[in-house]
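The residues making up each chain are set out below.
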Amino acid sequence: MAPPAAEGQRREQGGLGKTITGIIRIAVFWYFASKFFSPKTPTQPSSALISNLFHQSQPLDMWLYLSEHDKFNDFGSGSALVWHETNLPFASWGPNSTRSLTLKYHPSEALKHNGSLYAHVFFANSGYSPDPNDPEYQPHAAFGRTHPVVKYLPKTRADKRRSLLGSSPDSSEGQVTSEVVDDTQNDSEDDGPVEWASYWKPNITINMVADFTQYPKSSIPPNIAPHLSIDPITGNYYPTVFFNEFWLLRDKLIPINETVTELLLNLEVGPISMTKWQLFLQIDQSFQVQRSYGSMVDGEGDELKRVFLEGNPYLLGVTMMVSLLHSVFDFLAFKNDIQFWNKNKSMEGLSAKSVVVSFVSQIIVFLYLLDNDTSWMILASSGIGCIIEFWKIGKAMHIEIDRTGRIPMLRLRDRESYVQNKTKEYDDIAMKYLSYVLLLLVACFSVYSLMYERHKSWYSWILSSLTSCVYMFGFIMMCPQLFINYKLKSVAHLPWRQMTYKFLNTIIDDLFAFVIKMPTLHRLSVFRDDLIFLIYLYQKWVYPVDKKRVNEFGFGGEDGQVVDSTEVDAANQEEKKTN
């Protein structure tokens, strides 16, 4: 069936709409909060307000220079000037308001060896110069900003996993030896300083913000103040130049090394509205907040942006709506599951061993996530799931502390209602034969993983093998309940509300299986829960409801009175004799 990576892909895609909705909601909330709760200006005198030094549609000239220094004064250098535009209307959306240029840049030897490169962009009123040494230069008529063209990112450490058997079928002995040496070096490098690499930004988008707001001089909104350039003489502010990298994804960056001889650079200049600019800032800020809290890993923000860039807008809307329904059904299924086990007074007809196996599976997944440096929010969610599964064991069985030995041990004892009516006998038979099948599958997959896959250690191999089997063969845990239903000829003891909500979620997963690109084996595995539930529905149709049998909340009879277990046993024995 599906490997853990495919399972993770499925979960990630399934909850993609929910994550997008949450991030957009946070960004919009902070935007409108800054709008409504920012200081009001009507009570301020006109002298206490600052305004834009330029007016709308004012024609501007633009110069863009590329230099390896962050400070630029060489305006007379013809080689540094790569782009010049005239008569650009400021904050105007006309046919000539957006300009673009594509050029080829030949990096220097210093740039190839982790050097720096900066884009210096200057704007001035038409007919004026941005050079302070020019006789016609006027400080109030020119402004500019510097932006790095090269981005530095930490080098991705080489994969420390290795073949635990010392050889790999698909590699030669020399390659294996070098891989082992690399792993040894990486172990030592983990304690050393982080190495950084330079990457080329292929796109530079220059946006002039259409901001003509009069701000109080003493209380500029905190989300606007860092981006304003104030003239020290007049106190007014220059137009805000925004280098828009919102849609520049990390995989679009080009690594710079000694072999690079030519780099492509796409330049664009144009206006941007105040609302759109603030929305971009708020979304980026929400990404940073979620990364600081551990709810978003590096690169996940790019994947969300990629959905907007490459996805169909109608399909995106449907995905968000379906993901919202998926979240609602998940919550209802969780609520009814807790309610069922909290009120359940009898284990008749229920598989106690399935509850124990489910707890063990949850522990395996938690240890696997812990071994792979997962974010703390996902670890907390998995840890809470482990606690809930252990609590369910306490409702399904008696948990006792055995103090007879030197070390106190937990001991599980079956409940009386579980032992009676042959529920335990049927559960033991089903789990016995299914365990043979499960152990065979686990052994085969573990041997395959040991021979053909790479792992960090023997502990990681055990965890990854067990986790893969939990994801691939987890549906086997639902099979003992089918066998118990068949032998007891009843399904009245099952939590049908919770199962119904889970089945609705599997239908949503089926839709994602057709819409989202995924491996064929994983697509087939999506329908395994559907098959089990359809068998449950068939059993519900074949076995009519027995009013004398204890229901899912420990009640029986038409009047809703609690039925004594001995009366239930006598009724069941009489029913079997009649059959």
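In case you missed it, the structure is sitting above this.
The text that follows walks through the structure, step by step, so that each part is easy to find. For every chain, the first residue of its written sequence is number 1, and the numbers climb from 1 along that sequence. With pLDDT at 70 or above as the cut-off, local features in this predicted model cover only qualifying residues; side-chain atom pairs require 80 or more to be listed or tallied, and sums for whole chains, interfaces and linings still use all residues. Side-chain numbers here rest on the full set of heavy atoms in the structure, without hydrogens or water.

**Things to note about a positive patch on the surface**
Phase 1: A surface patch of positive charge is lined by Lys335, Lys343, Lys345 and Arg497.
Phase 2: Only protein chains enter the accessibility calculation, which uses a 1.4 Å probe; a residue whose area is less than 20% of its type maximum is buried, one above 50% is exposed, and one in between is partly exposed. By relative accessible area, which is 39% here, Lys343 ends up partly exposed. In this analysis, a patch consists of residues with relative accessible area above 30% that form no salt bridge, clustered at 9 Å for like charges and at 5 Å for the nonpolar side chains Val, Leu, Ile, Met, Phe, Trp and Tyr. Residue-level accessible areas treat just the shown protein chains as cover; the underlying method is Shrake-Rupley with a 1.4 Å probe. What makes a salt bridge here is a side-chain nitrogen of Lys or Arg within 4 Å of a carboxyl oxygen of Asp or Glu, nothing more. The sign given to each residue is positive for Lys and Arg and negative for Asp and Glu; His and the chain ends receive no count. Note that the charge is assigned to NZ on lysines, CZ on arginines, CG on aspartates and CD on glutamates.

**Observations regarding the side chain of Ser417**
Phase 1: Tracing the backbone shows Ser417 in helix H10 (residues 416–419).
Phase 2: A residue is classified by how much of its surface remains accessible, and Ser417, at 15% relative accessible area, is buried.
Phase 3: The term polar contact refers here to a pair of N or O atoms within 3.5 Å; inside protein, the definition further demands a hydrogen-donor-capable atom paired with an acceptor-capable atom, and it admits residues adjacent in sequence only when both atoms are side-chain atoms. Separated by 2.8 Å, the side chain of Ser417 and the backbone nitrogen of Met347 make a polar contact.
Phase 4: Aside from chain neighbours lying at most four places away, what touches Ser417 is Ser346, Met347 and Glu348. Put simply, DSSP marks the helices as runs of H or I at least four residues long and the strands as runs of E at least two long, and each gets a number from the N terminus on. Contacts are assigned to residue pairs with any non-hydrogen atoms lying within 4.5 Å of each other.

**Examining the packing of aromatic side chains**
Phase 1: Planes of paired rings set the category: under 30 degrees apart is stacked, over 60 is edge-to-face and the rest tilted, where pairs are Phe, Tyr or Trp rings (Trp by its six-membered ring) whose centres lie within 6.5 Å. Applying the stated criterion to the full structure yields 22 aromatic pairs.
Phase 2: Aromatic side chains Trp247 and Phe280 sit 6.3 Å apart centroid to centroid with 90 degrees between the ring planes, which places their arrangement in the edge-to-face category. Here Trp247, found in the loop between strand E11 (241–243) and strand E12 (254–255), pairs with Phe280, found in helix H5 (residues 274–293); they are 33 residues apart in sequence, far enough to count as distant.
Phase 3: On the accessibility criterion, Phe280 (6% relative accessible area) is buried.
Phase 4: Taken together, a centroid distance of 5.7 Å and an interplanar angle of 85 degrees make the contact between Trp458 and Trp461 edge-to-face. On the criterion of helical spacing, the pair formed by Trp458 and Trp461 is a turn pair, its members being 3 residues apart in helix H12 (residues 458–473).
Phase 5: The class of Trp458 is partly exposed, set by a relative accessible area of 44%.
Phase 6: Aromatic rings pair up to connect Phe54, Phe123, Phe143 and Tyr238 into one cluster.
Phase 7: Whether a charge sits over a ring comes down to the Lys NZ or Arg CZ being within 6 Å of the ring centre and within 35 degrees of the ring normal. Sitting above the plane of the Tyr433 ring, Lys432 keeps its charged end 5.7 Å from the centroid.
Phase 8: Seen from the ring of Tyr486, Lys489 lies directly overhead, with NZ or CZ sitting 4.2 Å from the centre.

**Here's the deal with helix H13 (residues 479–488)**
Phase 1: Within H13, the full set of buried residues consists of Pro480, Gln481, Leu482, Ile484, Asn485 and Leu488.
Phase 2: Within two residues after H13, Lys489 carries a phi angle of roughly 55 degrees, on the positive side.

**What about a nonpolar patch on the surface?**
Phase 1: Taken together, Leu165, Val447, Tyr448, Met451, Tyr452 and Trp458 make up a surface patch of nonpolar side chains, about 630 Å² in accessible area.
Phase 2: Ranked by the residues each element gives to the nonpolar patch, the list is headed by helix H11 (residues 423–452), at 4 residues.
Phase 3: Inspection of the secondary structure puts Val447 in helix H11.
Phase 4: For Val447, a relative accessible area of 47% puts it in the partly exposed group.

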